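Observations on chain architecture
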Amino acid sequence: MQSEIFCHSEISPHSTNGRGLLANLRVAVQSGISVRGWRTEAGCQALQGFIALEDATAVERLKLAGARLAGNTHTSEMGFGLYRDTAPKAFREGLVDIALMTDTMGEARAAAISAGVCGFKPSYGQVSRFGLVGLVPSMDCCSILGSRLKDITNVFNVIRGGDDRDPSMPDPVSPLLNASSKRTVEHVTAGVFTQCLQNLSVTELEAFRAALSRLERTGIAVTELSFDDFELFRVAHHVIGSVEASSSCGKFDGVRYGHRAGGSKNWNTMYLKSRAESFSMPLKAYLFQGAYFQFEDYAAFEKACKIRSVLITGIQRLFDDLDILVFPTRRASANPGSANTLETLYHAFSLTLPSNVTGQPALALPGLAPFEGGDLGLQIAGPLFGDERLLRIAEQIVQDVEGTE
Amino acid sequence: MKNDYEAVIGLEIHVQLNCETKMFCACPNRPGDEPNRNTCPICLWLPGNLPRFSEEALEKAILASLALECEIQEESAFDQKVYYYPDLPKGYQLSQFHMPLAKYGCLTIADESGAKREIRIRKVHMEEDVARLVHENEGRTPVSLVDFNRAGVPLVEIVTEPDLCNPGDAMEFLKALIRRIRTSGSSECSMEQGTMRVDANVSIRPRGSDELNSKVEIKNMNSIRNVGDAIAYEIRRQVNCFRTGEPIVIHTRLWDPEKRVTSPMRGKFEGPCVPDPSVPRIVVAGEYLQRIRNLLPEMPEMKAERFVKDYGLTREESLMLSAERGLSEYFEAAVSCDAPPRLAAQWISAHLLPTLKERGETLSTSLLTPERFAGLLLMLEHDEINSSTAKEVLKRIVESDAPLGEIVEQGGYRQVSSVEELEVIVDRVLEENISAVENYRKGASKALGFLMGQAMQATKGKANPLRLKEIMMRKLE
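**Describing the overall build of chain A**
For chain A, the count of helices and strands is 13 helices and 13 strands. A compact globule built from 405 residues would reach a C-alpha radius of gyration of about 22 Å, and chain A, at 21 Å, matches this within 12%. Its C-alpha atoms give chain A principal-axis dimensions of roughly 70 × 55 × 45 Å. By residue count, 61% of the 405 residues in chain A fall in the buried class. A sequence separation of at least 24 residues applies to 77% of the contacts in chain A between residues at least 6 apart. Carbon and sulfur atoms make up 51% of the accessible area of chain A, which totals about 15,200 Å².

**Thoughts on the layout of surface pockets**
Summary: where empty space remains is shown by rolling a probe the size of a single water molecule over the atoms. One number sums up the size of the second largest pocket: a volume of about 1,500 Å³. Lining the second largest pocket are 47 residues, with B:Asp276, B:Pro277, B:Val279, B:Pro280 and B:Arg281 positioned closest to its centre. Where the lining of the second largest pocket is concerned, the elements lending two or more residues are helix H7 (232-248), helix H10 (298-318) and helix H12 (353-358) of chain A together with helix H1 (55-67) and strand S16 (282-283) of chain B. It is H10(A) that contributes the most residues to the lining of the second largest pocket, seven residues altogether. Residue classes in the lining of the second largest pocket are distributed as 26 nonpolar, nine polar and twelve charged.

**With respect to the environment of B:Val393**
Residues and elements named next belong to chain B. Mapped onto the elements, valine 393 comes out in helix H10 (residues 387-399). It is 7.5 Å that separates the C-alpha atoms of valine 393 and tyrosine 413, two residues lying 20 residues apart in sequence. Excluding residues that lie within four positions of it along the chain, valine 393 makes contacts with Leu376, Leu404, Ile407, Val408 and Tyr413.

**Some details on the interface of chain B and chain A**
With 35 residues of chain B at the contact, the number on the chain A side is 36 residues. A combined buried area of about 2,700 Å² lies between chain B and chain A, and 67% of that area is made up of carbon and sulfur atoms. When the buried area of chain B at its contact with chain A is split by residue, B:Pro47, B:Leu50 and B:Tyr84 rank highest and sum to 23% of it. Between chain B and chain A we count zero salt bridges in total. Mapped by element, the contributors of at least two residues to the side of chain B that touches chain A are strand S4 (79-82), strand S9 (143-147) and strand S15 (273-275) of chain B. Of the residues belonging to the side of chain B that touches chain A, the class tally is 24 nonpolar, nine polar and two charged.

**As for the nonpolar core**
Proteins that are soluble and globular tend to have nonpolar side chains buried together. B:Leu11 and B:Phe173 are the most contacted members of the largest nonpolar core, which totals 207 residues. In terms of nonpolar packing, the next biggest core, distinct from the first, is built from 36 residues, B:Val335, B:Leu376, B:Ala390 and B:Val393 among them.

**Some points on empty space enclosed by the protein**
For the coordinates displayed, the defined rule picks out five cavities of 30 Å³ or more. Within this model, the largest cavity holds a volume of roughly 260 Å³. Looking at the lining of the largest cavity, the elements that each hand over two or more residues are H7 of chain A together with strand S5 (92-95) of chain B. Ranked by residues supplied to the lining of the largest cavity, first place goes to H7(A) with three residues.

**Brief notes about the pairing of strand S11 (residues 196-206) of chain B**
Residue and element names in this part refer to chain B. Burial analysis of S11 places nine of its eleven residues in the buried class, which makes it a mostly covered element. As defined by bridge partners, strand S1 (residues 5-16) adjoins S11 across eleven bridges and the pair is classed as antiparallel. Counterpart to alanine 7 in the pairing with S11 is isoleucine 204. The pairing of S11 with strand S12 (residues 216-221) spans four bridges and is classified as antiparallel. The residue bridging alanine 200 from the neighbouring strand is isoleucine 218, located in S12.

**Focus on the domain arrangement of chain B**
Residue and element names in this part refer to chain B. Each assigned domain of chain B is listed here: domain 1 (2-286), domain 2 (298-410) and domain 3 (419-476). One C-alpha centre belongs to domain 1, the other to domain 2; they are set 38 Å apart. Residue-level contacts link nine residues of domain 1 with eight residues of domain 2. In total, domain 1 and domain 2 occlude about 750 Å² of area from one another, counting both sides; carbon and sulfur atoms represent 52% of this. If you sort the residues of domain 1 by the area they bury against domain 2, Arg179, Arg180 and Thr183 come out on top, with a joint share of 69%. Across the contact surface, domain 1 and domain 2 share two salt bridges. Taking the shortest distance from any N to any O, the salt bridge between arginine 182 and glutamate 324 comes out at 3.3 Å. Here the side of domain 1 that touches domain 2 takes six residues from helix H2 (residues 167-184), the largest share from any one element. Among the residues forming the side of domain 1 that touches domain 2, the class breakdown is two nonpolar, three polar and four charged.

**Looking at the packing of aromatic side chains**
Any two aromatic rings considered together are summarised by their centre-to-centre distance and by the angle between their planes. Residue and element names in this part refer to chain A. All told, the structure shown has 25 aromatic pairs over all chains when counted by the stated rule. Ring geometry for phenylalanine 193 versus phenylalanine 227: centroids 4.9 Å apart, planes at 20°, classification stacked. Of the two residues, phenylalanine 193 sits in strand S7 (residues 189-193) while phenylalanine 227 sits in the loop between strand S8 (221-225) and H7, which places them 34 residues apart along the sequence. Between tyrosine 298 and phenylalanine 301, the aromatic rings sit 5.5 Å apart at their centres with planes inclined by 50°, giving tilted as the arrangement. With tyrosine 298 and phenylalanine 301 both in helix H10, this residue pair falls three residues apart, about one helical turn. Of the residues examined, phenylalanine 301 reaches a relative accessible area of 4% and is grouped as buried.

**Comments concerning the pattern of salt bridges**
All names here are of chain B. On inspection of all chains with the given rule, the structure shows 45 salt bridges over all chains. Arginine 253 is the salt-bridge partner of glutamate 234, the closest N and O atoms lying 3.5 Å from each other. Here glutamate 234 is found in helix H3 (residues 224-244), whereas its partner arginine 253 is found in strand S13 (residues 251-256), with 19 residues between them in sequence. By relative accessible area, which is 0% here, glutamate 234 ends up buried. Among the ionic pairs, glutamate 317 bridges to arginine 342, the shortest N-O distance being 3.0 Å. In this pair, glutamate 317 sits in helix H6 (residues 315-322) while arginine 342 sits in helix H8 (residues 341-358), placing the two residues 25 residues apart along the sequence. Since its relative accessible area comes to 35%, arginine 342 is described here as partly exposed.

Thresholds, definitions, all that
- Residues numbered from 1 in each chain as written.
- Chains lettered and ligands numbered in written order.
- Predicted model: local features only at pLDDT ≥ 70, side-chain atom pairs only at ≥ 80, totals over all residues.
- Heavy atoms only, no water.
- Helix = DSSP H or I, 4+ residues; strand = E, 2+ residues; numbered from the N terminus.
- Rg over C-alpha atoms; globule rule 2.2 N^0.38 Å.
- Buried < 20%, exposed > 50% of the residue type's maximum accessible area, 1.4 Å probe, protein only.
- Contact = heavy atoms within 4.5 Å.
- Areas by Shrake-Rupley, 256 points an atom, 1.4 Å probe, with all protein chains shown as cover.
- 1 Å grid on protein atoms, 1.4 Å probe; cavity = no way out; pocket = protein on both sides within 12 Å on 5 of 7 lines; lining within 4 Å.
- Points joined across faces, edges and corners; volume = space filled by probe spheres on them.
- Nonpolar A, V, L, I, M, F, W, Y, C, P; charged D, E, K, R; others polar.
- Buried area = accessible area lost by both parts, 1.4 Å probe.
- Salt bridge = Lys/Arg side-chain N within 4 Å of Asp/Glu carboxyl O.
- Core = buried A, V, L, I, M, F, W, Y, C linked by side-chain atoms within 4.5 Å.
- Pairing = 2+ DSSP bridges.
- Domains from an automatic or database assignment.
- Phe/Tyr/Trp six-rings, centres within 6.5 Å; stacked < 30°, edge-to-face > 60°.

Dropping the structure here:
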């Protein structure tokens, strides 16, 4: 059954007789995440009519834990950006408790804020990518949206961990940092980048400062620090992301599945026409950019990779003295839900994409940074594989804010 | 005039590894099966699937690299070689470009004069094979069919330095390479059956200069001989271009084995190679590498030297026996069952292999185990049978697995060596052939041969020839 919100919706959702950690939790997954027997078209003509043969690992584990799969939500093409994404609507209409989304540049976190719920992007390598249609393999992360942090933590514990169908996960999957650490969630130190603050508009700065004051009132020490390369996250993401996207979309040629253009005289024309018709803007422009770097300016791509590793080391080093980094989730001036050009997408997601470049875990919390006409969303990011502690800090923040207000 | 120029030749050799499965999934590595039978969501690259690199492919690729005396790199990685063609289900081929598995190998070859030359190997890298395309252009609508059985089959590509300078060297190099890789057990290396493909890069320059001119890549040679012929043709063609002032541009040419010429195929296309984010880095070191090193059998050249030293074989005998792993193992197994080494070497090449070939068998399929073969040679050595009956016995024991002793006894092959028995026979032969005896005594030495023949016939060829002659001579005096 199709609807405005779901590509496929279940009339009687799967559940294992109400047993399991996630019993009776209503879950939606994005249509780029495979559910066996469901149309898994990832919002793209290239996958028109494609029915998944297997469950994604995350979906398989959700089912085993007793979750009720309500349906799969519409997505922007290949989950790139949020235009046409219906996950926020599913929350607003009260149809689901949890949603899974692929987060490539911050989509899950931005969608959460737009729905007024929490959005968690785990560390890269913590959740199997098996079954994700995906776009940027080194950045895509199966992420969790939910109104209660407790549910998010439970879902994360169910879906995370090693999977022999995704050998790119660290082997063995790195233990979560601080899981058994004596460091409590008291005396949390948060860092804010000067370069991030300088970049904010007056409206954004005001809303963000208000959110930081709330953090301070809960006992978190907020320090401002300089990170000179902050602007490079966007460049590195754009160059590397477009190159990987161009490669991953190479498989959509209409030969084995998906859309095949009719009326071609030979395979070459069939191939070209099918690919031309399979993608639309802004993804098509992104793929062209990626191909440009691959074929015409490989040096730029190599440089972006070097910059990326410098950024990763630079960020990771900060966590010697800090527990979390804090950013707004979205810009006030650009609505992530309607951005549909490369320029506006990269502007709208400029504050979430750094965690996709580094692979570190990040969590968006709603309601703490409201501005005239919306919510910036407070975003906290932890060190790579520091997922568990980040979730505990978030719970503490939510509790304390509720207690102090 | 041709001597004013010299050729600079490098080879790129693709070798299909004889693994059980494909390189990134568990599908059987049997490209020849019914089309598209050996496929799965991974090698068809359905969305959501990720490559699962096969440990067996890594192990065989390391063995092949070690056989070529390469240095295994502690870290290597897969790249995506991007091009769009229906034989490539994901728009890129997983191949190692920036960080190959192995580097700096070498093979020593001997040229026509016997002088040794070292040919350097630049690198050995792993990659997956692509699907097979069948274009049916007959009929109203042309049809292109894709068989994905071969997509993802494990390969190594071996790239030499441009150290070869004539077609003969290139052919010698390929023979040495095939011997080594076959010995390592990682591939059958058959150009005829397509488990090995060779491309040659050829350029020429004025003799004695060290410039490197534009190279031309030649493809589509399906035997070692064709590689030699195609290179020879290409050298002549380029020398001619040089003389007539026609520029040589980088391109690819196809060898036409019928017309025996190369003709241009397409402009050389260099697709980009982007690091693959999904196949983890490959780390080969320490105990793992040592374990694989220990699996590597002795290489043919080393084995040949050892055969000369340990068994007193001639150089020719040892080269012959060491070229094939199965053959040398058979020889050593027979020797370990006490077969005299030189006798074994001679009997393998002069009698055993021809007999098997006649019967359409090979050493590995034959009923004749090295133990029974050694038994036969020991009987010959101990004069229990003579060499002509030994040839008869050999024919019998390749046909049946009955015990050797039984075959010899039942066939009455045992040599007659007892002096008493032989004396009786000789006496009878001398009595029956008085004229021949007289002729001999008058000095006609030919008559001895006749008398010996008669006596041998009387024993049905089983007499110990030396002892028979001894008795004959004594009686004739």
